[in-house]
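Read off the chains here:
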Amino acid sequence: MSVLAVAGVAAVASYEHMRALAGAAGEGWRAWLLPVSVDGLAVAASMTMLVRRRSGLPAGALPWVALLLGLGASLAANVAAAEPSAVGRLVAAWPPVALLLAYELLLQQSSARGGPGVHTVRPGAVQPLDGR
């Protein structure tokens, strides 16, 4: 439950920083979309990595690139929207990092109890189609 609380607070803070920055850049009504695409890319990359690892495959280069680009863009946008001081920039940099880490922790908790994703079956555990 605490992981969800951290992720929720971080997501709201990160979203607002990116939305404000996109609005200041003249994106108008589209400003609300930018944060979803940026943080959504990192979430999609994390889910892809989890599914690939559960199926016995390496995470792959594309998910790593997507994860790093998503995190990098989120950090850059949050810092750019921050109060122009060292403390303001440090405080603004925290939400995207906390969001990604909390999401990764949530995935690990889900993985530990057999949550969604690819599940492998032990050889011989599948019952034949004729019911024998």
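This is a predicted model, so every value here is computed, not measured.

## Notes on the overall build of the protein
A count of helices and strands for the protein gives four helices and zero strands. Tracing the protein from N to C terminus, the helices and strands come up as α-α-α-α. With 132 residues in all, the protein has 29% of them scored as buried. Long-range contacts, defined here as pairs at least 24 residues apart, represent 60% of the contacts in the protein between residues at least 6 apart. Approximately 8300 Å² of the protein is accessible, and the part contributed by carbon and sulfur atoms is 70%.

## Here's the deal with the pattern of salt bridges
According to the stated counting rule, one finds two salt bridges in the structure shown. With its nearest N and O atoms 2.5 Å apart, the salt bridge here joins E16 to R19. Of this pair, E16 and R19 are both found in helix α1 (residues 2–24), three residues apart, which corresponds to roughly one turn of the helix. Given a relative accessible area of 36%, E16 falls into the partly exposed group. Note on R19: relative accessible area 29%, which makes it partly exposed.

## Some details on a nonpolar patch on the surface
Taken together, the side chains of W29, W32, L33 and V36 make up a nonpolar region of the molecular surface, amounting to roughly 460 Å² of accessible area. When you line up the elements, W29 lands in the loop between α1 and α2 (33–54).

## Some remarks on the side chain of D39
With respect to the helices and strands, D39 occurs in helix α2. It is R19 that comes nearest to the buried, bridge-free D39 among opposite-charge side chains, at 12 Å. A polar contact of 3.4 Å, which involves the side chain of D39, links it to the side chain of S14. For D39, the side chain forms a polar contact with the side chain of S74, separated by 3.1 Å. Sequence-distant contacts of D39, that is, excluding residues within four places in its chain, are made with S14, M18, S74 and L99.

## Some thoughts on the packing of α1 against α2
Put simply, α1 and α2 touch, their axes get as near as 8 Å, and they point 130 degrees apart. Comparing their axes, α2 and α1 come out oblique. Along this stretch, α1 crosses α2, giving a crossing that reads as right-handed. Facing α1, whose interface residues are S14, Y15, M18, R19 and A22, α2 presents L34, P35, V36, V38 and D39. For the contact of α1 with α2, the residue count by class is seven nonpolar, one polar and two charged.

## Remarks on the nonpolar core
Among the nonpolar cores identified, the biggest contains seven residues, and these are A42, A45, M49, A59, A66, L67 and L100. It is α2 that contributes the most residues to this core, three residues altogether. With residues up to four places along the chain from it excluded, the contact list for A42 reads L67, G70 and L100. Ranked by size, the runner-up nonpolar core spans six residues in total, among them V3, A7, A10 and A102.

What counts and what doesn't
- Residues numbered from 1 in each chain as written.
- Predicted model: local features only at pLDDT ≥ 70, side-chain atom pairs only at ≥ 80, totals over all residues.
- Heavy atoms only, no water.
- Helix = DSSP H or I, 4+ residues; strand = E, 2+ residues; numbered from the N terminus.
- Buried < 20%, exposed > 50% of the residue type's maximum accessible area, 1.4 Å probe, protein only.
- Contact = heavy atoms within 4.5 Å.
- Areas by Shrake-Rupley, 256 points an atom, 1.4 Å probe, with all protein chains shown as cover.
- Salt bridge = Lys/Arg side-chain N within 4 Å of Asp/Glu carboxyl O.
- Patch = residues over 30% accessible without salt bridge, like charges linked within 9 Å, V, L, I, M, F, W, Y side chains within 5 Å.
- Lys, Arg positive; Asp, Glu negative; His and termini not counted.
- Polar contact = N/O pair within 3.5 Å; in protein donor to acceptor, adjacent residues only side chain to side chain.
- Axes fitted to C-alpha atoms, helices over the stretch in contact; angles between N-to-C directions.
- Parallel < 35°, antiparallel > 145°, perpendicular 65-115°, else oblique.
- Left-handed = near helix turned anticlockwise from the far one by under 90°.
- Nonpolar A, V, L, I, M, F, W, Y, C, P; charged D, E, K, R; others polar.
- Core = buried A, V, L, I, M, F, W, Y, C linked by side-chain atoms within 4.5 Å.

By themselves, these are just geometric observations and shouldn't be taken as functional.
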